[in-house]
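Spelled out from the first residue to the last, the chains are:
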Amino acid sequence: MVDAQCAADSPAAPDSPYILNRESNEQQWKWMIGERFHALEKLEAVSPKLRTPTHAYVFENYDTANLIRSEDFIVVGSLATGGLSNAWGCGVARLSASEFSGLPIPYEEMEKSYETVSRRMGISGNADDDLSDYFGLDEWSQPALPLDKLHQRLYQNYSKLQARLPKSGFRLGRSRVAVLSKDLDGRKACDSLGNCLWGCHNQSLYSASQELAKLKQYPGFQHIQGMLVHDFFKSDDLWTVTDKHTTQEFSGRRLLLAAGTLASTRLTLKRLGHTSPLPLLSSPTAAFLLWLPKMLGTPRVSTFGLGQLSFALDLVPGVTAFGSTFSTTGLPVSEFASRLPMSKRYSIELLKNLLSSCLVGNLFLPGQLSENTVALGDNGALLVKGKEREETATIMKIAQKKLRKYYFKMGALLMPMSFSIGKPGADIHYAGTFPMHSTPQVGQTDILGEVAGLPGVHLIDGSCLPKITEKSHTLTIMANADRIGRKLALEQY
Ligand SMILES: Cc1cc2nc3c(=O)[nH]c(=O)nc-3n(C[C@H](O)[C@H](O)[C@H](O)COP(=O)(O)OP(=O)(O)OC[C@H]3O[C@@H](n4cnc5c(N)ncnc54)[C@H](O)[C@@H]3O)c2cc1C
């Protein structure tokens, strides 16, 4: 296994309560802003995670090193060991058998892999609620993490509302997250210090890099860091990967590519010599702020900083939105002040009083509402062009209206002007450039991710997924890679 990581010199995540640090730690600037002013340089970045100095190493240099250019599309990727999972939001979900219909994969195989991967990562959120079937993960999950006061209130109000309006099309439940509520394999349970945005000193948040120690116990396993693969070729029946900067080469009968959808796509298109555009799926996304007036004056206490409650909302036939709400406590006020339509001075004053009774939320739509493309240019770079389907803007308006209505019934105001729609790619859910197909043609893969025209080369990241729904998609990428890996190993291809 090779990956591109070079030495990482980002500061460590804090290990004492967020609020205490903010009040009295004189060194907090090191991880809030960074010795090289990282947070200030990334003011325009799409997610607060991209601004945290502790995660700088995760996002550095991906598009430049992998020759990825974009028009109207936000490219985020990673050259780090463990990739974007070092900084992800840990939201997980399983696709149901019906969401798999039409996909050329036996569902039992996927189900087995979902279970294997979920148990290994450690998932919490088991709560037997209205989203249990939607997430499909409870039988393999640890108990849910505690809710903060605002989420408790929201959930109580939802339960009362649900008794009156059981078939409203709005379902609320605990977020299912790859975060430990009980110790697992040397990793510790979440202790709610509230530092999730910067990283977890307990390793409660799952990152793929945590798998390495176990992998290294296999005698046949070798891990090479710092190898930026820039090409691969075939000779004597072996596929060889090459590095641009060193003379390192590795060869094998099978090559499994998982450099993130965009980098894997570029390498594959280059080897195929394919220059016509291919579709790229992403989930149109939005963010919003909720105010719970009855909670005004709630004291701030450190709490879990990722998704606490999630919703599934039916919008129009065939389109459901998914999203989660987060405490605002573990987020710097600057994240909000920069978005208010008033001067910074007054924004800070207002937020100082208001924010402890507010939650922040996100929303995702299914990938079929995107219309992005990728194409290999003459210069060998991948050009990603962002676009959404015509109906997406209308569906977003419907989503905003319905969310406002349901949250109002639960005692929360969707703050005017806070509903902001992300640019294509802002979701960081990229997939589907080489979709799996039962009879793959050029630009497709078979059900083991093997690229049509490149026998022995398998795409095992998001690039081979035939669809993405509104649900978090990474667990499906992981389960699919697990399924393909098992098949290749056990059937001795
Ligand atoms: C802020 C944020 C929040 C997110 N939240 C969620 C969420 O809640 N739920 C969810 O499902 N998803 C979420 N995601 C998306 C999720 O992180 C990705 O879907 C997932 O990490 C993709 O995994 P991957 O292995 O395909 O690629 P990556 O994680 O990008 O890993 C790529 C790997 O390839 C290596 N690599 C790259 N290029 C090369 C090269 N040229 N040569 C050699 N090696 C190379 C890198 O070193 C790395 O090891 C989030 C992402 C971000 C950034």
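Note: the structure precedes this text.
The following refers to the structure shown. Quick caveat: nothing in here was measured; it's all calculated off a predicted structure.

Attention shifts here to the overall build of the chain. When its secondary structure is counted, the chain shows 15 helices and 18 strands. Relative to a compact globule of 493 residues, whose C-alpha radius of gyration would be 23 Å, the chain shows 22 Å and is just as compact. Projected onto the principal axes, the alpha-carbon positions of the chain cover approximately 70 × 50 × 45 Å.

Looking now at the nonpolar core. In this structure, Cys 90, Val 179, Leu 257 and Leu 290 are the most contacted members of the largest nonpolar core, which totals 122 residues. Sorting elements by how many residues they give to this core places helix H15 (residues 474-490) first, with six residues. Look past the residues within four positions of Leu 290 in its chain and what remains in contact with it is Thr 325, Cys 358, Leu 359, Gly 361, Tyr 407, Ala 412, Leu 413 and Leu 414.

For the rest of this paragraph, the subject is the packing of helix H7 (residues 107-121) against H15. Angle between the axes and distance between the axes: these two values describe a pair of packed helices. Two numbers describe how H7 lies on H15: the axes approach to 8 Å, and their chain directions differ by 110°. In terms of orientation, H7 and H15 fall into the roughly perpendicular class. For the pair H7 and H15, the crossing hand works out as right-handed. Between H7 and H15, the contacting residues are Glu 109, Met 110, Ser 113, Tyr 114, Thr 116, Val 117 and Ser 118 on the first element and Leu 475, Met 478, Ala 479, Asp 482 and Arg 483 on the second. Among the residues making up the contact of H7 with H15, the classes are represented as six nonpolar, three polar and three charged.

For Ala 337, the location among the structural elements is in helix H12 (residues 334-337). A sequence separation of 112 residues divides Ala 337 from Gly 449, and the C-alpha atoms of the two residues are 45 Å apart.

Attention now moves to the sheet that holds strand S1 (residues 68-71). As summarised here, the arrangement of the four strands in space is S1-S15-S14-S9, forming an open sheet in which the pairing is mixed. The sheet is open, and its two edges are formed by S1 and strand S9 (278-280), each paired on a single side. Strand after strand, the sheet turns through a mean of 30° between neighbouring axes, direction not considered. Note: S9 against strand S14 (residues 372-376), three bridges, orientation antiparallel. Paired with Pro 279 across the bridge in S14 is Thr 373.

Attention now goes to helix H14 (residues 390-409). The end-to-end C-alpha distance of H14 is 31 Å, a good match for the 28 Å that 20 residues give at a rise of 1.5 Å each. Here H14 has its buried residues at Met 396, Ala 399, Leu 403, Tyr 406 and Tyr 407. Around the axis of H14, the buried residues are gathered within 105° of arc, so they sit on the same side. For H14, the exposed residues lying more than 90 degrees away from the buried face are Glu 390, Glu 391, Ala 393, Thr 394, Lys 405 and Phe 408.

Where strand S5 (residues 229-235) meets strand S6 (residues 238-243), six bridges bridge the pair, whose relative direction is antiparallel. Within S6, the position partnered with Lys 234 by the bridge is Trp 239. In terms of strand pairing, S6 meets strand S7 (residues 249-252) through four bridges, oriented antiparallel. Among the inter-strand pairings, Thr 240 is bridged to a residue of S7, identified as Ser 251. Here S6 folds back onto S7, and the loop between the two strands holds five residues.

Taken together, the three strands give an open sheet; going across it, the order is S5-S6-S7, and neighbouring strands pair in antiparallel fashion. In this open sheet, the two edge strands, each paired with only one partner strand, are S5 and S7. Strand-to-strand twist in this sheet, taken as the mean axis angle between neighbours without regard to direction, amounts to 20°.

Let us now look at the environment of His 38. For His 38, the position within the fold is in helix H3 (residues 38-41). Residues His 38 and Arg 486, 448 residues apart in the sequence, show an inter-C-alpha distance of 41 Å. Among all residues touching His 38, those that are not within four sequence positions of it are Pro 53 and Ala 56.

Here the focus is the environment of Thr 268. Structurally, the position occupied by Thr 268 is in helix H11 (residues 261-272). Considered as a pair, Thr 268 and Gly 307 are 39 residues apart in the sequence and their alpha carbons are 35 Å apart. In this structure Thr 268 touches Leu 257, Phe 434, Val 451 and Leu 459, once residues within four positions along its chain are discounted.

A word on the pairing of strand S13 (residues 358-364). Counting buried residues along S13, seven of its seven residues qualify, which places the element largely inside the surrounding structure. The alternating pattern of S13 places Cys 358, Val 360, Asn 362 and Phe 364 on one face and Leu 359, Gly 361 and Leu 363 on the opposite face, and all of these are buried. Here strand S12 (residues 319-327) runs beside S13; their pairing, made up of four bridges, is antiparallel. Of the residues in S13, the one forming a bridge with Thr 325 is Gly 361.

Within the chain, Cys 90 stands out as a residue other than glycine whose phi angle is a positive 65°. One can find Cys 90 in the loop between S1 and helix H6 (97-100). The exposure class of Cys 90 is buried, given the 23 C-beta atoms found within 10 Å. Phi at Asp 185 takes a positive value of approximately 50°, unusual for a residue other than glycine. The residue Asp 185 is located in the loop between strand S4 (170-174) and helix H10 (212-215) in this model. What makes Asp 185 exposed here is the crowd of 12 C-beta atoms within 10 Å.

The rules behind these values
Residues numbered from 1 in each chain as written. Predicted model: local features only at pLDDT ≥ 70, side-chain atom pairs only at ≥ 80, totals over all residues. Helix = DSSP H or I, 4+ residues; strand = E, 2+ residues; numbered from the N terminus. Rg over C-alpha atoms; globule rule 2.2 N^0.38 Å. Core = buried A, V, L, I, M, F, W, Y, C linked by C-beta atoms within 7 Å. Buried ≥ 20, exposed ≤ 12 C-beta atoms within 10 Å, placed from the backbone. Contact = placed C-beta atoms within 7 Å. Axes fitted to C-alpha atoms, helices over the stretch in contact; angles between N-to-C directions. Parallel < 35°, antiparallel > 145°, perpendicular 65-115°, else oblique. Left-handed = near helix turned anticlockwise from the far one by under 90°. Nonpolar A, V, L, I, M, F, W, Y, C, P; charged D, E, K, R; others polar. Pairing = 2+ DSSP bridges. Expected span 1.5 Å × (residues − 1). Arc of directions from axis to C-beta.

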